[in-house]
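# Per-entry structural report
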Amino acid sequence: MTKDYEKKWQKRWAEEKAFKTREDGEKSYLLIEFPYPSGNGLHVGHTRPYTAMDVIARKRRMQGQSVLFPMGWDAFGLPTENTAIAKRIHPSVVTRDNVELFRKQSDALGYSFDWDREVNTTDPGYYKWTQWIFLKLFENGLAYKARMPVNWCTSCLCVLANEEVVDGVCERCGSAVVRREKSQWMLKITAYAQRLIDDLDMVDFNDRVKAQQRNWIGRSEGAEADFATTAGDILRVYTTRPDTLFGATYMVISPEHPFIEKWKEKLENYREIDDYRAGAARKSDFERTELAKDKTGVMLSGVCAVNPVTGKEIPVFVSDYVLMSYGTGAIMAVPGHDTRDWEFAKKFNLPIVEVVAGGNIDEAAFLDTESGKMVNSGFLDGLEVGEAKKKITAWLVEKGLGEAKVNYKLRDWVFSRQRYWGEPIPIIHCEKCGAVPVPYEELPLTLPMVDSYEPTESGESPLSKMREWVEVKCPKCGGAAERETDTMPQWAGSSWYFLRYTDCNNDRELASREAIEKWMPVDWYNGGMEHTTLHLLYSRFWHKFLYDIGVVPMPEPYKKRTSHGMILGEGGEKMSKSRGNVVDPGDIVAEYGADTMRLYIMFIGDFEKAAAWASQAVKGCRRFVEKVWALSEKAKATLNVSPATEVLLHKTIKKVTEDIEQLKFNTAIAQLMTLTNELGAGGATKGDLYVLLRLLSPFAPHTAEELWEKLGFKELCCKQKWPEYDPRKVIDSEVEIAVQVNGKLRASIVLPLDSGDGDVIKAALGDARVAQYLAGKTPDRTIVVRNKIVNLVIKP
RNA sequence: GCCGGUGUGGUGGAAUGGCAGACACGCGCGACUCAAAAUCGCGAGGGAAACCGUGGGGGUUCGAGUCCCUUCACCGGCACCA
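Given the structure is predicted, the values throughout are model-derived calculations rather than measurements.

As a further point, take the overall build of chain A. For chain A, the helix and strand inventory stands at 25 helices and 30 strands. Overall, chain A is about 100 × 85 × 50 Å in size when its C-alpha atoms are taken along their principal axes. Counting only residues that meet the buried cut, chain A has 56% of its 796 residues in that class. Here the analysis covers contacts within chain A between residues at least 6 apart in sequence; of these, 72% occur between residues at least 24 apart. A total accessible area of about 34600 Å² is found for chain A, and carbon and sulfur atoms account for 50% of it. Once the 107 positive and 113 negative side-chain charges of chain A are each reduced to a mean point, those two points are 3 Å apart.

Below, the discussion takes up the sheet that holds strand β28 (residues 744–752). One open sheet accounts for four strands, arranged β28-β27-β30-β29; its pairing is mixed. Each edge of the open sheet carries a strand with a single partner, namely β28 and β29 (781–785). Pairwise comparison of adjacent strand axes, ignoring direction, gives a mean angle of 20° for this sheet. In this sheet, strand β30 (residues 789–793) lies alongside β29 in antiparallel orientation, the contact comprising five bridges.

Here we come to the side chain of Asn151. Among the structural elements, Asn151 can be located in strand β5 (residues 143–153). Side chain to side chain, Asn151 and Asn162 meet in a polar contact 3.2 Å long.

Within the structure, RNA strand B sits among 51 residues, and Thr240, Tyr321, Arg340, Ile604 and Arg623 are positioned closest to it. In the interface set of RNA strand B, defined as its atoms within 4 Å of the protein, sugar plus phosphate atoms amount to 63%. Tyr321 places a polar main-chain atom, nitrogen or oxygen, 2.3 Å from a sugar or linking oxygen of RNA strand B. In the model, a phosphate oxygen of RNA strand B is placed 3.1 Å from a nitrogen or oxygen of the Lys619 side chain. If you list the elements that add at least two residues to the surface near RNA strand B, you get α7 (207–217), β12 (234–239), α19 (615–633), α21 (665–682), β27 (734–741), β28, β29 and β30. For the surface near RNA strand B, the per-class residue count stands at 22 nonpolar, 14 polar and 15 charged.

Omega for the bond connecting Leu443 with Pro444 falls within 30 degrees of zero, at 0°, which places this linkage in the cis form. Looking at the element boundaries, Pro444 is found in the loop between β20 (434–437) and α13 (467–470). In this model, Met520 is joined to Pro521 through a cis peptide bond whose omega is -5°. Within the fold, Pro521 resides in the loop between α15 (513–519) and β23 (524–526). The phi dihedral of Asp754 falls on the positive side, at around 60°, and the residue is not glycine. Take Asp754: it is sitting in the loop between β28 and α24 (757–765).

Right, let's get into the packing of helix α18 (residues 594–603) against α21. Interaxial distance between α18 and α21 falls to 7 Å at its minimum, and their mutual angle equals 120°. When the axes of α18 and α21 are compared, the pair comes out oblique. The residues of α21 that touch α18, namely those facing Leu599, Met602 and Phe603, are Phe665, Asn666, Ile669, Ala670 and Met673.

With 168 residues, the main nonpolar core has Phe134, Trp413, Leu510, Trp542, Trp613, Phe665 and Phe699 as its most contacted residues. If one sorts the elements of this core by residue count, helix α5 (residues 124–139) sits on top with nine residues. With residues near it in sequence (within four places) discarded, Trp542 still touches Thr130, Ile133, Leu137, Leu187, Trp413, Phe415, Ala492, Ser495 and Trp496.

Pairing is antiparallel across the open sheet formed by four strands, whose spatial order is β20-β19-β22-β21. Two strands in the sheet have a free side with no partner beyond their single neighbour: β20 and β21 (471–473). Taken pair by pair, the neighbouring strands of this sheet meet at an average axis angle of 40°, ignoring direction. As defined by bridge partners, strand β19 (residues 427–430) adjoins β20 across four bridges and the pair is classed as antiparallel. If you follow His429 over to β20, its bridge partner there is Ala435.

Next up on the list: the pattern of salt bridges. Pairs can form between side chains of opposite charge whenever their charged atoms are close. Counted according to the given criterion, the structure contains 51 salt bridges. The salt bridge partner of Lys655 is Asp659, with a shortest N-O separation of 3.0 Å. Remark: Asp659 and Lys655 occur in helix α20 (residues 646–661); sequence separation between them is four residues, near one turn of the helix.

Under the criterion given, the structure shown has zero disulfides. Cys173 provides the cysteine sulfur closest to Cys153, a residue in no disulfide bond, and the two sulfurs are 3.6 Å apart. On the accessibility criterion, Cys153 (0% relative accessible area) is buried.

For the rest of this paragraph, the subject is the packing of helix α17 (residues 585–592) against α18. Close contact between α17 and α18 brings their axes to 7 Å; oriented N to C, the two are set at 125°. Judged on the interaxial angle alone, α18 and α17 are oblique. Judged by residue contacts, Pro585, Ile588, Val589 and Tyr592 of α17 engage Ala594, Thr596 and Met597 from α18.

We now examine the packing of aromatic side chains. On inspection of all chains with the given rule, the structure shows 46 aromatic pairs. Taking 6.2 Å as the distance between ring centres and 45° as the angle between the ring planes, the aromatic pair formed by Phe415 and Trp542 counts as tilted. Of this pair, Phe415 sits in the loop between β18 (413–414) and β19 while Trp542 sits in helix α16 (residues 535–548), placing them 127 residues apart in sequence. Look at Phe415 and you get buried, because its relative accessible area is 0%. Of the aromatic side chains, those joined through ring pairs into one cluster are Phe134, Phe138, Trp185, Tyr192, Trp413, Phe415, Trp491, Tyr538, Phe541 and Trp542.

What follows deals with the environment of Asp548. Its location among the elements puts Asp548 in helix α16. Classification of Asp548 as partly exposed rests on a relative accessible area of 40%. Each C-alpha atom, one on Asp548 and one on Lys655, is 43 Å from the other, the two residues being 107 residues apart in sequence. Excluding residues that lie within four positions of it along the chain, Asp548 makes contacts with Tyr192 and Arg195. A polar contact of 2.9 Å, which involves the side chain of Asp548, links it to the side chain of Arg195.

In this model, chain A carries an average pLDDT of 91, and 98% of its residues clear a pLDDT of 70 or more. Interface confidence for the predicted complex, expressed as ipTM, amounts to 0.94; the pTM equals 0.93.

For the rest of this paragraph, the subject is α17. Along α17, the residues classified as buried are Pro585, Ile588, Val589 and Tyr592. End-on view of α17: buried residues confined to an arc of 100°, all on one side of the axis. Exposed side of α17, more than 90 degrees from the buried face: Ala590 and Glu591 are the residues found there. Two to three positions downstream of the cap, the backbone nitrogen of Gly586 sits 2.8 Å from a side-chain oxygen, assigning the N-cap of α17 to Asp584. Gly593 occupies a position one or two residues after α17 and carries a positive phi of about 100°.

Definitions and limits used
- Residues numbered from 1 in each chain as written.
- Chains lettered and ligands numbered in written order.
- Predicted model: local features only at pLDDT ≥ 70, side-chain atom pairs only at ≥ 80, totals over all residues.
- Heavy atoms only, no water.
- Helix = DSSP H or I, 4+ residues; strand = E, 2+ residues; numbered from the N terminus.
- Buried < 20%, exposed > 50% of the residue type's maximum accessible area, 1.4 Å probe, protein only.
- Contact = heavy atoms within 4.5 Å.
- Areas by Shrake-Rupley, 256 points an atom, 1.4 Å probe, with all protein chains shown as cover.
- Lys, Arg positive; Asp, Glu negative; His and termini not counted.
- Charge placed at Lys NZ, Arg CZ, Asp CG, Glu CD.
- Pairing = 2+ DSSP bridges.
- Axes fitted to C-alpha atoms, helices over the stretch in contact; angles between N-to-C directions.
- Polar contact = N/O pair within 3.5 Å; in protein donor to acceptor, adjacent residues only side chain to side chain.
- Near = heavy atom within 4 Å.
- Nonpolar A, V, L, I, M, F, W, Y, C, P; charged D, E, K, R; others polar.
- Parallel < 35°, antiparallel > 145°, perpendicular 65-115°, else oblique.
- Core = buried A, V, L, I, M, F, W, Y, C linked by side-chain atoms within 4.5 Å.
- Salt bridge = Lys/Arg side-chain N within 4 Å of Asp/Glu carboxyl O.
- Disulfide = S-S within 2.5 Å.
- Phe/Tyr/Trp six-rings, centres within 6.5 Å; stacked < 30°, edge-to-face > 60°.
- pLDDT = per-residue confidence, 0-100.
- Arc of directions from axis to C-beta.

Here it is in structure tokens:
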């Protein structure tokens, strides 16, 4: 036996267009995250989700469904640009070569993508529509340019979205991220915060994904409240604990709070405050989050605030534990019932007042909102915390001092990048008219060819050097104007690509309404957990926007989302070049064949959990392929199935059919192995293989085709009808019944299926071993579970 | 701190509340071989045995890896977010 037949079948599938999307059956849109085509080629981490969805696609096709299983390339991005710079070739050439490499590797693994629907985000015919969506966002006030402190990656030399900063460093390259004041394009994802939470209820995503998205959006309910100050200005705060208002003994404002400048003349210690503010500004994100354990701050002298319920004057501090970017940038501090405020109060010797009974505020802030009642709180005394919240909020509203308020941690999406290899942002800046959209008929606004696309320290996009491209007439007034030179982030093209697959060559619309209605929403989307708060959130946002402007008829793009576990290196370490434990799927294909690779990556363990690669174990799957091969070579000519294994055969059809849909590929393969082993012992017939090969074909399609042909069956195996089991034949005629005495297994008896309780008990009592344990006594109670177990209970 | 998840042989992992360890790797023994590899066959949770065994402790049940309470450990997400 050889594995040389794999190429032959890959060719046949392509020639016969075996995987062309059909339109006639029940639609099934199966999606995997399209890859970024890096120069390293497909790695083993790709093969897990790809093979899994390929198995499902192949199986559903055989079941007669119209499967849309497409593939494309998320090809804009920094690594390509960096390779292009290093090798002095244009990024588009690098992209083309890499795509070709990926495509070849993908075919070598036998994936059944419909290549007629291939998309590439760097294709102007594609990004025309990415730009179109951007203009629509702009038109609807959801894209705006703002000058603000942003995350700047010191190595990529461009800004990053909040979602791209992990533990204070760049999620892509791991370099330090610092704050820079820059003018940036922003997308108002915050306008969709509530709907992004609410609509999670209508989709089938796994709990981890839903929880992570909710965490990231970070909704909290509370109230805003106004505090009068001796400076005359009203200082508004946001709090989730308005019930503790009587316990607010001081206030804290963020170092960036505008009142500091406003109050400059009144502040006796302005210099000290300014120094503190400067120190806070110098801190990187990393320092601000990691090192800020010990509370620091400065009290404002010359200005103080008034607690609106107690009427007492309370001091105001500036401290960097209060963030300008959340709430109002100012808080009321309730040291009795907030850990941070408690620490701060202890350090600065501020009064700590108990307003919810039940804790010991000398020791720690009391945070429980369930058990205690309000104390020292005037008209709130005696109330439960929940009631107190309602009452005080109503009071604030009545007095015109505040209102109920919901806040989100989610920030708007920083959408511009100072790099070359991305979609140009189709905006023209005019002195007179401001930001003017490039007219729709001029889309796509293509990337100009440039001599050098190196990023700059100054944060200017490489495009800004292309003066003849940059300098244009304003489309509105005709005056001199300049193009926006920043490009879009990599997440732009991937935020809507699943729509393009439905109608990938359309040059009048991003996809026709008809195609969208036929195929959307995506029935099943599998992808990595690392994209939960990036691509998955962004694309849900864009889709909701497209829904609002009537481009798509459904508010959620994905019906079901699952995530595969990571493939770790041998020994459980993360795979990395530096550790030298990277597995190249191409090597496995070369050594064992694609079918073995596919089987192993599916057999490796629970699909949703991380699994360590074990090169030793690969050969087990290879042996399995060889066993099936041997079975087929010795097969008896009859088309009848072997009577001895008929029940097992039907059980296998049932289990494989069900397990595939539940991502339980490992147990589906185990069942196929069991059947193969049993058939090997008794000798298989052509009829047995007629079933087995079809069940095997989603996992090991090449072997299935080859043996299918050798046995003389006509047409491609992958085009056959999926086997169905006979419910009457998945049942054994005899069953083994376990006998327990007092819940402990003591014997096992074989009886006809569905024996009556009386017969079961009689047989159990007749067993010698059971008799020994009963020691002559009669059971006080017997429990019979039909066809499974009998438990004889005797009192001690 | 909050949220989510996971703990089962030497290893990856199976088990609608009903015989724990399917299937596979690795291992041991045997066959074939001058020998080894490959292949085939057999064996195995631990323990001499009674028995004990699904991170620990309680509980529900005739019966718990599975359900409930509690506790520990590890992984992931969020986090001076008021």
